[in-house]
Amino acid sequence: MRPLEKELITMKIPELQQEILRLKKEKDVCILAHSYQTREITEVADFTGDSFALSVEASRVKNKTVIMCGVRFMAETVKLLSPEKTVFLANATAGCPMAEQMDKEMIAAFKKENPGVTVVAYINTTTDLKTVCDVCVTSSSAVKIVKKLPGDDILFIPDCNLGSFVAKNVPDKNIRTLKGGCPIHAAVEYSAVEEARMRHPGALLLVHPECVPKVTEAADYVGSTKGIIDFAMNCEGRDFIIGTEIAIASHLSYECPGKNFYPLSKELICPNMKATTLIDVYNTLLGQGGEEMILDGETMEKARVCIDRMIELG
Ligand code: 13P
Ligand code: SF4
């Protein structure tokens, strides 16, 4: 029986999780949680991972309904890869500010002024913006894909920090960027590296390429959320400073109890990623919350071209 509103408020987290698991089974729904979600959300999810891995998992499952606990562009990517499925974003207010920094008119104008340029879009972009881009990349595949592109004149959007990281690793191509990026990662200053290194001598510094070049240049490893997790789990080291959203240090502490994980900065908290609560997931399961991703056919078809190219080259 469905708990009353009053009971829901006084419910303890494990009870609410049990209720979510029961409903998920009853309604045959697949729940996806990005790795930046809190542990209480990842515990009720069928899959936890980075944005691209989640959309691939969603396209493989039999469930006709998928709930994404993450931000809007991630739910859109799930819909793009599984247009026949009903896809919900668990909290409709959760958007990625970086994904919304550029619009397609701006990019179309750039292309007109720079004929022959290849526009590479980080997956953290809206579906609408993807319609005018040539290829998508994730933080883990960006270098590999850009190296394989036939053209040498590249515009990398929207993250200029990830763009400079790619440019450093693909020096034979002319890679241009525009002013854009993740407000959370880009806010970490080099002084945080100095402080963390002083507080945790000998610890390895693992950093997301959305951080500014001065921070990534000082790191022992630069990689995507998945890359950082895999590196830390497989490395023989014991102490790690984690330069990405704070959830990764916390998940790793659960996964590797014998190792120590220290966030590079306590400010590395993405409020959009933290907007989703268990109550949002519960309400979405009941059809009383979340937002269904509705994308028009033509937009999906055009945006899918650069996603397919990413799969082909990645
Ligand atoms: P991933 O694609 O590595 O999941 O990263 C998403 C993101 O928002 C990083 O800040
Ligand atoms: Fe967007 Fe940055 Fe939050 Fe990732 S951490 S969802 S890039 S704002």
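Please read these numbers as outputs of a predicted model, since none were measured by experiment.

**Student:** What is the right way to look at the site of ligand 2 in this model?
**Tutor:** Around ligand 2, the structure places Tyr36, Cys96, Pro97, Met98, Asn124, Cys182, His185, Glu210 and Cys270. Among the residues forming the shell around ligand 2, the class breakdown is six nonpolar, two polar and one charged.

**Student:** Please clarify how the nonpolar core should be interpreted in this entry.
**Tutor:** Nonpolar side chains tend to gather and get buried jointly when the protein is soluble and globular. Core analysis: the largest hydrophobic core is formed by 89 residues, its most contacted members being Phe156, Ile157, Val166, Ile242 and Leu264. Filtering out sequence-adjacent residues up to four positions away, Ile157 remains in contact with Met102, Ile107, Val119, Val120, Ala121, Tyr122, Leu129, Cys133 and Leu178. Listed in part, the 19 residues of the second largest apolar core include Ile41, Val44, Phe88 and Leu285.

**Student:** Explanation requested: the site of ligand 1 in the structure shown.
**Tutor:** All residues adjacent to ligand 1 are His34, Tyr36, Asp50, Ser51, Asn124, Ser139, His185, His208, Glu210 and Thr225. Within the contact set of ligand 1, an oxygen atom lies 2.5 Å away from a side-chain nitrogen or oxygen of His34. The separation between an oxygen atom of ligand 1 and a polar side-chain atom of Thr225 is 2.8 Å. Starting from 300 Å² of accessible surface for ligand 1 in isolation, the protein chains cover 95%.

**Student:** In this structure, what is going on with helix 5 (residues 72–81)? I would like to understand it.
**Tutor:** For the α-helix, the turn length of 3.6 residues means that residues three or four positions removed from each other point alike. Along helix 5, nine of the 10 residues are buried, which leaves the element largely enclosed by surrounding structure. Within helix 5 the residues assigned to the buried category are Phe73, Met74, Ala75, Glu76, Thr77, Val78, Lys79, Leu80 and Leu81. Residues of helix 5 that are buried sit in contact with strand 1 (29–34), helix 4 (51–60), strand 3 (65–69), strand 4 (86–89), helix 7 (127–130) and helix 15 (297–313).

Parameters at a glance
- Residues numbered from 1 in each chain as written.
- Chains lettered and ligands numbered in written order.
- Predicted model: local features only at pLDDT ≥ 70, side-chain atom pairs only at ≥ 80, totals over all residues.
- Heavy atoms only, no water.
- Near = heavy atom within 4 Å.
- Nonpolar A, V, L, I, M, F, W, Y, C, P; charged D, E, K, R; others polar.
- Core = buried A, V, L, I, M, F, W, Y, C linked by side-chain atoms within 4.5 Å.
- Buried < 20%, exposed > 50% of the residue type's maximum accessible area, 1.4 Å probe, protein only.
- Contact = heavy atoms within 4.5 Å.
- Polar contact = N/O pair within 3.5 Å; in protein donor to acceptor, adjacent residues only side chain to side chain.
- Areas by Shrake-Rupley, 256 points an atom, 1.4 Å probe, with all protein chains shown as cover.
- Helix = DSSP H or I, 4+ residues; strand = E, 2+ residues; numbered from the N terminus.

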